[in-house]
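# Observations on the model geometry
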Amino acid sequence: MFPTDRPRRLRATPGMRRLVAETDVRPRHLVLPVFVAEGLDAPRPITSMPGVVQHTRDSLRKAAAEAAAAGLGGIMLFGVPSRRDAVGSGGTNPEGILNVALRDVRAEVGDAVPVMADTCLDEFTDHGHCGVLDDEGRVDNDATLPIYGQMAVAQADAGAHVVAPSGMMDGQVGVIRSALDEAGHRDTAILAYSAKYASAFYGPFREAVDSQLQGDRRTYQQDPANAREAAREAALDLDEGADMVMVKPAMAYLDVLRRVADSSDVPVAAYQVSGEYAMISAAVERGWLDRERTIVETLTGIRRAGADIVLTYWATEAAAWLDR
Ligand code: PBG
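Here goes a summary of the coordinates provided. If you're wondering where the values come from, they're calculated on a predicted model, not measured in any experiment.

Applying the stated criterion to the full structure yields one cavity of 30 Å³ or more. Approximately 140 Å³ is the volume found for the largest cavity. Lining the largest cavity are 19 residues, and of these Asp122, Lys196, Tyr202, Phe205 and Lys248 sit closest to its centre.

Before going further, it helps to examine the packing of helix H2 (residues 57-69) against helix H4 (residues 97-109). Between H2 and H4, the least distance of the axes is 9 Å, while the angle of their chain directions is 45°. In terms of axis orientation, H2 runs oblique to H4. At the point where H2 passes H4, the crossing takes the right-handed sense. Mapping the contact onto sequence places Arg57, Leu60, Arg61, Ala64, Ala65 and Ala68 in H2 and Ile97, Val100, Ala101, Asp104, Val105, Ala107, Glu108 and Val109 in H4. Class assignment of the residues belonging to the contact of H2 with H4 gives a composition of ten nonpolar, no polar and four charged.

Taken together, the side chains of Arg6, Arg8, Arg9 and Arg11 present a region of like positive charge at the surface. Its location among the elements puts Arg9 in the segment before helix H1 (14-20). Relative accessible area serves as the criterion here: at 51%, Arg9 is assigned to the exposed category.

Next up on the list: the pattern of salt bridges. Any two side chains of opposite charge can pair, given that their charged atoms come close. Tallied over the entire structure, the rule returns 16 salt bridges. The shortest N-O distance in the salt bridge between Arg103 and Glu95 comes to 3.5 Å. Residue class for Arg103 comes out partly exposed when judged on its relative accessible area of 34%. Of the charged contacts in the structure, one is a salt bridge between Arg177 and Asp243, with a shortest N-O distance of 3.9 Å. Taken together, the positions of Arg177 in helix H6 (residues 172-182) and Asp243 in the loop between helix H8 (228-239) and strand S8 (244-248) put the pair 66 residues apart, joining distant regions of the chain. Assessed through its relative accessible area of 14%, Arg177 is described here as buried.

Calculation rules
- In this convention, every chain numbers its residues from 1, walking through the sequence in written order.
- Totals for whole chains, interfaces and linings use all residues, but because this is a predicted model, local features are given only for residues with pLDDT of at least 70 and pairs of side-chain atoms are given and counted only at 80 or more.
- Derived side-chain values reflect all non-hydrogen atoms in the structure, with water molecules and hydrogen atoms excluded from consideration.
- We place a 1 Å grid over just the protein atoms. Points where a 1.4 Å probe fits but has no way out form a cavity, open points with protein on both sides within 12 Å along at least 5 of 7 lines form a pocket, and any residue with an atom within 4 Å of a point lines it.
- Grid points are joined across faces, edges and corners, and a volume is the space filled by probe spheres set on the points.
- For helices, the fitted axis covers only the stretch in contact; all axes are lines through C-alpha atoms, and the angles between them, taken along N-to-C directions, range from 0 to 180 degrees.
- Per the convention used, a helix needs a DSSP run of H or I reaching at least four residues, while a strand needs a run of E reaching at least two, with both numbered from the N terminus.
- Orientation is classified from the angle alone, with under 35 degrees giving roughly parallel, over 145 giving roughly antiparallel, 65 to 115 giving roughly perpendicular, and any other angle giving oblique.
- With the far helix as reference, a near helix turned anticlockwise by less than a right angle produces a left-handed crossing, and one turned clockwise produces a right-handed crossing.
- Contacts are residue-level and defined by heavy atoms, with any inter-residue pair within 4.5 Å sufficient.
- Residues were grouped as follows: Ala, Val, Leu, Ile, Met, Phe, Trp, Tyr, Cys and Pro as nonpolar; Asp, Glu, Lys and Arg as charged; and all remaining residues, including Gly, as polar.
- A patch consists of residues exposed above 30% relative accessible area that lack any salt bridge, with like charges linked at up to 9 Å and nonpolar side chains (Val, Leu, Ile, Met, Phe, Trp, Tyr) linked at up to 5 Å.
- In short, Shrake-Rupley with a 1.4 Å probe defines the accessible areas, and a residue's cover is counted only from the protein chains shown.
- Each reported salt bridge corresponds to a side-chain nitrogen of Lys or Arg within 4 Å of a carboxyl oxygen of Asp or Glu.
- This count recognises Lys and Arg as positive and Asp and Glu as negative, with His and chain-terminal groups excluded.
- One atom stands in for each charge, and that atom is NZ of Lys, CZ of Arg, CG of Asp or CD of Glu.
- Classification of residues uses two cut-offs on accessible area relative to the type maximum, computed with a 1.4 Å probe and protein chains only: under 20% is buried, over 50% is exposed, and between them is partly exposed.

Right, here's the structure in full:
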């Protein structure tokens, strides 16, 4: 007896596999996160993320031009200031490194690729938390909100097409939306980090932004044990005016991504974070994994789980391996 059900028929040739592929990854689905540091003379490698650097203003312009030429979906900027303070003034100051770099990048790429900005205080505070602290040293949600509003306006003034609040303060999207609207930035979009977990996979990012953080972010970022909460966070952000929502990290949270994708009617992004990059890079360095195949497989898996958009430090490089 021959089996009559033969799924293998559809796998027999590359053309057949291409014909029936359900999920694809194209350059436009990818967003490149980049770091730009104040006062650098030359790009500075990040040891725990081989191939990723803290950019100078000049090298960032070049990276942005390459991202646009590669057909990427976007570029997301993170600033690394040379001085920090308790309230993160470098983030709201129009002359702060992130805002200056946003102007540089807009001058370089115009509207060819959406320019996005991380809207969060952790890179700018001397204590490394995503918000300002109260007298007891706890992150003060409500005192942080107006600063996020000012920061988003400074970023939009500097040319950001998209602001991306990543601090997990309750009410942040609503406050940012009103602040942008009042400042006349009605077309600046908000990509909300809706479901952001308190994850060990952010380890290398702390080196990337010279983070000053002592302790952890468990009082504001989500507990990895909880998935249902992610749908609630996304729903709140949508009510407050989020244009897109994000789940982060990606690979250890694919179930959460699927839930959020199923329960939201806006584009959903997933962030393949620094620790995911480091983990695969280390295994590749040892010859234990095939680089290109592993990277494309992870991006495909993240897309299959429901991401319309994937943030990945491999974006520009991976674009060269993908169909346009
Ligand atoms: C906060 C922020 C973090 C990351 C992106 N935005 C760090 C954190 O929440 O601790 C992590 C990104 C990565 O690990 O690649 N501004």
